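So the chains spell out like this:
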Amino acid sequence: EFMITFANASAMDLLSRMESQLRGHDTWRSFSAGQIVGSRLDTFFAEEPLEFYRLKDVRTYPYTTRVKMAGYICEFRVSELQGSGTKAAYSIEWQPINERLEQEQRTKQLFAALENATTNTFLCDMDWNVLYANPRSFEVLAIMEPNLHKSDARWQSFRASEIAGKPLNWLFNDEPEELVRAGNTRMHPYKKVIKTGPCLCEVSITG
């Protein structure tokens, strides 16, 4: 019947921290984290009761949804627990995802800006693996590729179209000591003109 019979320590701690903000809204005025065990799950769906009715449809399990809770956006995942071959209870995993959504939005905005940038830009992890290269990077490297191939045997395997997911070491083939300097975050922002095959490249790195 969706009566809450147990809440683990993590859930109770989180609800206690959320309580003051929840009680600041009319819908949640009487909410008490300490009384959550023994109450009904639809308490959490006070602002979006339709989602609670959707959640009750066992044909959709495991069911995942997001609901608003007094300024919080919480993600719920509901699964059935089986006992002796029959349905025994429901397991409800939930968490506020405001910070995650804000980070995802900032990431989308960053990538949108990079996609349209006129500068060649890479995003790398701490091991210099290229996680992302914007379209301008691929365009410029495609132009450089034939000249790199002609310049030295070390560049024969270089393919501009394959740089994503691979280490950026190739950019410093001719000046490996500069890669060491660039990896020292105390020197950031790092800015240097380096030799890359027959090309001179201005490199700017920010940690």
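A brief look at the structure comes next. Per-chain numbering applies: the sequence of each chain, read as written, is numbered from 1 onward. For this predicted model, a pLDDT threshold of at least 70 governs which residues receive local features, and a threshold of 80 or more governs which side-chain atom pairs are given and counted, while totals over whole chains, interfaces and linings are taken from all residues. Based on all heavy atoms of the structure, the side-chain values leave hydrogens and waters out of the count.

### Observations regarding unusual backbone geometry
Residue Pro189 follows His188 across a cis peptide bond; omega there is 0°. For the purposes of this entry, the term helix denotes a DSSP run of H or I that reaches at least four residues, the term strand denotes a run of E that reaches at least two, and both are numbered from the N terminus. Position of Pro189 relative to the elements: it lies in the loop between α5 (176-182) and β6 (190-196). Non-glycine residue Phe2 carries a positive phi angle of around 65°. Residue position: Phe2 is located in the segment before α1 (9-22). With relative accessibility at 10%, the residue Phe2 sits in the buried group. Positive phi is not limited to glycine here, since Ala70 has a value of about 50°. A simple rule labels every residue: compare its accessible area, found with a 1.4 Å probe on the protein chains alone, to the largest value its type can have, and call it buried under 20%, exposed over 50%, or partly exposed in between.

### Here's the deal with the packing of aromatic side chains
Note on aromatic pairs: the rings of Phe, Tyr and Trp (six-membered ring only in Trp) are paired at centre separations within 6.5 Å, and the planes decide the class, stacked below 30 degrees, edge-to-face beyond 60, tilted for the rest. One pass over the structure, following the stated rule, counts 14 aromatic pairs. Measuring from centroid to centroid gives 5.7 Å for Phe45 and Phe52, while their planes differ by 50°, and the two rings are tilted. Given the relative accessible area of 1%, Phe45 is considered buried. Measuring from centroid to centroid gives 5.0 Å for Phe45 and Phe76, while their planes differ by 45°, and the two rings are tilted. Pair noted here: Phe45 is in the loop between α1 and α2 (49-55) and Phe76 is in strand β2 (residues 72-83), with a separation of 31 residues, a long-range link. On the accessibility criterion, Phe76 (1% relative accessible area) is buried. Taken together, the ring pairs connect Phe2, Phe44, Phe45, Phe52, Tyr53, Tyr61, Phe76, Tyr90 and Trp94 into an aromatic cluster.

### What about the nonpolar core?
In plain words, nonpolar cores are sets of buried Ala, Val, Leu, Ile, Met, Phe, Trp, Tyr and Cys residues tied together by side-chain atoms within 4.5 Å. Counting residues in each nonpolar core, the largest one holds 26 residues, and the members touching the most others are Phe44, Leu55, Met69 and Trp94. Elements represented by at least two residues in this core include exactly α1, α2, β1 (63-69) and β2. Top contributing element to this core by residue count: α1, with five residues. We call two residues in contact whenever any of their non-hydrogen atoms come within 4.5 Å of each other. Other than its neighbours up to four places away in sequence, Phe44 contacts Ile4, Leu15, Trp28, Ile36, Val67, Met69, Phe76 and Trp94.

### Here's the deal with the pattern of salt bridges
Here, a salt bridge means any side-chain nitrogen of Lys or Arg that lies within 4 Å of a carboxyl oxygen of Asp or Glu. By the definition in use, this model includes 13 salt bridges. For Arg154, the salt bridge is made with Asp152, and the minimal N-O distance between the two is 3.4 Å. By relative accessible area, which is 43% here, Arg154 ends up partly exposed. In this structure Asp152 comes out as partly exposed when scored by relative accessible area, which is 28%. Between Glu178 and Arg181 there is a salt bridge; the shortest N-O distance is 2.5 Å. One end of the pair, Glu178, and the other, Arg181, are both in helix α5, three residues apart, so they sit about a helical turn from each other. Look at Arg181 and you get partly exposed, because its relative accessible area is 39%. Three or more residues joined by partner-sharing salt bridges are found here, namely Arg66, Glu75, Arg100 and Glu104.

### Regarding the pairing of strand β7 (residues 199-205)
In β7, alternate side chains face the same way, and those of Cys199, Cys201, Val203 and Ile205 are buried while those of Leu200, Glu202 and Ser204 on the opposite face are not. Two strands qualify as a pair provided DSSP detects at least 2 bridges between them. Examined bridge by bridge, β6 and β7 share seven bridges and lie antiparallel to one another. Bridge assignment links Tyr190 to a residue of β7, and that residue is Ile205. Here β6 hands over to β7 after two residues, with Gly197 in that stretch at a positive phi of 60°.

### What about the side chain of Asn134?
With respect to the element layout, Asn134 can be found in the loop between β5 (130-133) and α4 (135-151). A relative accessible area of 0% places Asn134 in the buried class. A distance of 2.8 Å separates a polar atom in the side chain of Asn134 from the backbone oxygen of Thr119. With residues near it in sequence (within four places) discarded, Asn134 still touches Leu114, Ala117, Thr119, Asn120 and Thr121. In protein, a polar contact means a hydrogen-donor-capable atom and an acceptor-capable atom, both N or O and within 3.5 Å, with residues adjacent in sequence counting only if both atoms are side-chain atoms; elsewhere, any N or O pair within 3.5 Å suffices.

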